[in-house]
Amino acid sequence: MTAPRPADTLGEDLSRLAELHGVATAYSPSPDHAVPASPGAVVAVLAALGVDASTPQAARAALAARQQELAERLLPPTVVGRPGSTPAALDALPEGTVVHIETEQGESPASAGQLPPGVHHLTATAPDGRTAEAHVVIAPDRLPTPTGRSYGLMVQVYSLLSRHSWGMGDLGDLGELTAWAGRSLGAGFVQVNPLHAAVPGAPTDPSPYRPSSRRFPDPVYLRVEDIPEFAYVGEAERERLRGLLERAARLRESVLEKGALIDRDAVWELKREALELVREVPLGPGRRAAYVDFLAREGEALEDHATWYALAEVHGSNWREWPAALRDPRSPETARARTELMDRVDFHSRLAWLTDTQLTTAQRAAREAGMPVGIVHDLAVGVHPDGADAWAQQDHFAAGMSVGAPPDAFNSLGQDWGLPPWRPDRLAESGYAPYRRLLRALFRYAGALRIDHVMGLFRLWWVPQGRPPTEGTYVRYDAEAMLAILALEASRAGSVVIGEDLGTVEPGVRETLQERGVLGTSVLWFERDWEGDGRPLAPEQWRADCLATATTHDLPPTAARLTGEHVELRDRLGLLTRPVEEERIESATDVGEWLALLSRLGLYEHATGGGRPASEEEAEIHAVHRFLLRTPARMIGIWLPDTVGDRRPQNLPGTWDQYPNWRLPVADAEGRPVTLEELAASPRLHALVDVLRVGLGAGSEDSSEDNSGGGSGDSGDSGDGGP
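So, here's what we can say about the structure. Just so it is clear, the structure is predicted and the values come from calculations on it, not from any experiment.

The rules we used
The residue numbering used here restarts from 1 in each chain and proceeds along that chain's sequence as written. Predicted model: local features are reported for residues with pLDDT of at least 70 only, side-chain atom pairs are reported and counted for 80 or more only, and whole-chain, interface and lining totals are derived from all residues. Each side-chain value is worked out from all heavy atoms of the structure, with water and hydrogens disregarded. Here a cavity denotes a set of grid points, spaced 1 Å apart and computed over the protein atoms alone, in which a 1.4 Å probe fits but from which it cannot get out, and a pocket denotes an open set meeting protein on both sides within 12 Å along at least five of seven lines; residues with an atom within 4 Å of a point are reported as lining. Grid points are joined across faces, edges and corners, and a volume is the space filled by probe spheres set on the points. Put simply, Ala, Val, Leu, Ile, Met, Phe, Trp, Tyr, Cys and Pro go in the nonpolar bin, Asp, Glu, Lys and Arg in the charged bin, and everything else, Gly too, in the polar bin. Between any two strands, at least two bridges found by DSSP are needed for them to pair. Numbering goes from the N terminus for both helices and strands, where a helix is a DSSP run of H or I of at least four residues and a strand is a run of E of at least two. For helices, the fitted axis covers only the stretch in contact; all axes are lines through C-alpha atoms, and the angles between them, taken along N-to-C directions, range from 0 to 180 degrees. Salt bridge criterion: a side-chain nitrogen from Lys or Arg within 4 Å of a carboxyl oxygen from Asp or Glu. Throughout this description, buried means an accessible area under 20% of the type-specific maximum (1.4 Å probe, protein chains only), exposed means over 50%, and partly exposed covers the range between. Geometry of aromatic contacts follows a simple scheme: Phe, Tyr and Trp rings, the Trp one being its six-membered ring, pair when their centres are within 6.5 Å, and the pair is stacked under 30 degrees between planes, edge-to-face over 60, tilted otherwise. In this analysis, the expected span of each helix is defined as 1.5 Å times one less than the number of residues it contains.

## A few points about empty space enclosed by the protein
- Applying the stated criterion to the full structure yields 7 cavities of 30 Å³ or more.
- Estimates place the volume of the largest cavity at around 250 Å³.
- Considering the residues around the largest cavity, the lining is formed by 22 residues, among which Arg214, Val381, Trp422, Gly456 and Leu460 are closest to the centre.
- For the lining of the largest cavity, a count of residues per class yields 17 nonpolar, 3 polar and 2 charged.

## Considering the sheet that holds strand E18 (residues 520–523)
- Within the open sheet, the 8 strands sit side by side as E17-E14-E11-E8-E7-E20-E19-E18. Their pairing is parallel. Unpaired on one side and paired on the other, strand E17 (496–499) and E18 mark the two borders of the sheet. When the angles between neighbouring strand axes are averaged without regard to direction, this sheet yields 25°.
- As paired strands, E18 and strand E19 (residues 546–549) are joined by 4 bridges and run parallel to one another. Counted as the bridge partner of glycine 520 is cysteine 546 from E19.

## Quick notes on the pattern of salt bridges
- Within this structure, the stated rule accounts for 56 salt bridges.
- Two residues, glutamate 104 and arginine 492, come together in a salt bridge whose shortest N-O distance is 2.6 Å. With a gap of 388 residues between them, glutamate 104 in the loop between strand E4 (98–102) and strand E5 (118–125) and arginine 492 in helix H15 (residues 479–493) connect regions that are remote in the sequence.
- According to the relative accessible area criterion, arginine 492 is partly exposed, its value standing at 38%.
- Bridged by salt links that share partners, the residues Arg215, Arg297, Glu298, Asp356 and Arg444 form one connected network.

## Structural notes on the packing of aromatic side chains
- One pass over the structure, following the stated rule, counts 12 aromatic pairs.
- Between tryptophan 422 and tyrosine 435 the ring centres are 6.2 Å apart and the planes differ by 80°, which places this aromatic pair in the edge-to-face class. Taken together, the positions of tryptophan 422 in the loop between strand E13 (415–419) and helix H13 (424–429) and tyrosine 435 in helix H14 (residues 433–443) put the pair 13 residues apart, joining distant regions of the chain.
- Between tryptophan 525 and tryptophan 594 the ring centres are 6.3 Å apart and the planes differ by 80°, which places this aromatic pair in the edge-to-face class. Note that tryptophan 525 is positioned in the loop between E18 and E19 and tryptophan 594 in helix H19 (residues 580–600), a separation of 69 residues in sequence.

## Things to note about the environment of histidine 622
- Within the element layout of this structure, histidine 622 appears in helix H20 (residues 616–630).
- Note on histidine 622: relative accessible area 2%, which makes it buried.
- Along the primary structure histidine 622 and isoleucine 485 are separated by 137 residues, whereas in three dimensions their C-alpha atoms are 40 Å apart.

## Describing the sheet that holds E13
- Pairing within the open sheet is antiparallel, and its 4 strands lie in the order E13-E12-E15-E16. Strands at the two margins of the open sheet, each flanked by one partner only, are E13 and strand E16 (473–476). Adjacent strand axes in the sheet meet at a mean angle of 50°, parallel and antiparallel pairs treated alike.
- In terms of strand pairing, strand E15 (residues 459–464) meets E16 through 4 bridges, oriented antiparallel.

## Points about H20
- Its 15 residues place the ends of H20 21 Å apart at the C-alpha level, agreeing with the 21 Å of an ideal helix rising 1.5 Å per residue.
- Counted residue by residue, H20 has 13 buried out of 15 residues, so it is predominantly covered.

## Some details on unusual backbone geometry
- Of note, the amide linkage connecting alanine 202 to proline 203 takes the cis form, showing an omega dihedral of 0°.
- Examined against the element boundaries, proline 203 turns out to sit in the loop between strand E9 (196–197) and strand E10 (213–217).
- In the Ramachandran plot, tyrosine 432 falls in the positive-phi region, its phi being about 60° despite a non-glycine side chain.
- Mapped onto the fold, tyrosine 432 is located in the loop between H13 and H14.
- We note that histidine 453 has phi near 50°; this positive angle belongs to a residue other than glycine.
- The residue histidine 453 is located in the loop between strand E14 (448–451) and E15 in this model.

Below, the structure written as C-alpha cells:
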C-alpha cells in the first residue's frame, strides 16, 4: 500500500514551507517505505524555528514571505569554500557586486580566491542596492586520518578505579592508564566516555550523555592531589584535608571491597570541599598568568558557564525555575548577580581551568608514551535542557523541542533523548560560532574525537515537547558547513574524528563522511551482509576507514554476548518483548554463526599471536579480536572490561532505576571490582592484548586499502545512536 503523499496530508503550502526551512514532511523507516510526518509535528517544529504555520492562512503568508526572502537574498548567512578557490556562492553574485572581506587573521585580501583556512567576514553590495553580510568558511577537503593501523583500549573513566581514586576513576587514573598502555602495551589510543560537565544536584544524572555543558569538562574527574597548590595547604586546613582523604579512602574501599556502586554525588561532595581548601592557597606568578590567559581565551563562554553554576548553588539546577530576570544570561539582574557572586564565579572558573589543565596533561602523557593518537574523547549529541549550555545559548536552541529517533523495525515507539537541538538557522547566522568554540575546546586535549550520533551533522529527529517520539519529524542541518567547521578545527589540532554511525543512516551519509575523512564505527555483531543473505560479513569486506570493536558501552560485554547472559539479564528486568526462549535461540544462532566463521578462518587458539587462553571463553574472545585484525580497519578497539571477563554492560538502554547504569566499576568474570593496578598485572589482559600486538606487528592487512564496503551496523540493534 502506497503511503499518502505529504502534500495530501499536510497541504501544499505547508509542505512547501516546511521544505524551504529544512523540515521533513516524511521519513523512511526502511528503504522501500515512506511515512508522512504528522501535520501537528511539522507546525510545531516550524514554530520552534520562528515560523507561524498554525492556520492555512498563516502557512500561506509564511510561504510567500520565505519565497520572497530567498529570491531577494544576495548570499546565505554562511558560505563554504576550499583553499585556493572562490566559493561557488560568491562566483554567483551579480556582475559588479562590490565585495569586502576581513579574514579571521585580520587581513583584507583583494580577492576571495586565495582565502586562508578560517572563518572570515564578508560584506557585499550589488549594483541594484541589495547588501549582504556573510561568514565565509574556508576549510580543507579532508580531516586528518591515522597513519598506519593501531589498536587501543576503550574505557569509561569513572569505572576505572586505582588505589588513589576517591571512589571513582579520575584524570590521574586516565594519565596512568595511557602512560602504561602506550609504553608497556604498545597501544595507540585510549577512548573514553564524554567528560563534559554534569548538572549538579542530588542525585546527579549519572549519564555522561546528558551533560550540563559540552564546552567545559567536569571537575569531578580532577585528581585533587595533582593540583600544585595541594602541597601548600595551610596547617589549619591540613587537618580537614586529612579527614577528607580518609573519607575518600573509605568511599573507594566501599566500591572496591564492599560491592557499593560508584556514587558520583558522594565523590563530588568530598572533592568540592577539598578544592575549596586548595583554592585558599595563592597562585604563584606563573600559575596566575596561566589562569589569566585561560580566562581571556575562554571569555564570555566561561563567564556564562561559571555564572550558571554560581546561580545554581543559590537557586537550584533548573534555570527555568529561577527568578524570571535571571533566566536571561544577558539581563541587568544577571549581571548584578554575577558581581554579587563573583567569588563563586571565580571558583567555578578555576575548576574549569584546573580540569582543562589535567586533561591536557593526560594527552601529553599519552603522546610521550608513544601513542600516535592518544586520548579519544567523546562528544555527546546534546545537552541537558536544564543545564548551563541551554541557559547560556538559549538563542541557539529550539524551544520546546527534544532530539530523538523515529520509530523503526527495532523500536516501534521511537526514542526521545530529552536533549534540546540547536537551531540550524541560528547556527548559520552566527557562522556556527558555538559549534566552532565547542570543537576548538575539545580538540585542545583530544588526539581524536568520537562524535556520538554523527548523523546529527546532517539531520536530527525533533520531538515536540509533550508528544511521543512517533509525532516528531526530521530537521535538516547544513552538512557542508558542519563538516567544513569540523575539518577546519580538526586540521588545526591535527586530530582524528570518529563518527558513531550505528543504527539507521540515510543513504549517502556514510559515503560523504568517508570522503571527508571521518572514520566510522563498526561493531562485529552488526557487520552482516544485510543487502544479501544476512550472514556475517567476511573480514575483507569491512570498510577500512573505521574504528572496529567487539562491543560498546551500550552493548553486552563480549563474554556476556558469547554465553547469552545478556538475554537472561534483560529477561530478569522485564525488557524482553518476546518469549525468553525465542530470544535465547536467536542469540545462540547469532553467536553460533560468528563462531563458525571464526573457526573456518582458523582464528582459535592455535592461530599465531596472543598468550595461551585459560578457557574456551577466552579462546573465543581472542578469536573475535583476531577477526578484527583480519579486517582493514585503521583502528581496533578493545573494551577494557573484556580484558578481565566482565559480564555487565555499563549502560542498559531502556532502563533507568532498574539497572545501575553508569555506576559500575570494571570487574572480573565473578563481578569483583578490578583496580588499575590489578589490570596492569592481569595475565588474562596481557594474553588478549598480545593478540593485537602480535597481529599488528606481524604485518596484517594494509590499512591504506580503501575498502568502504560493509554493513556498518545497519541492523539498528543499538537504536539510532542516541544516549
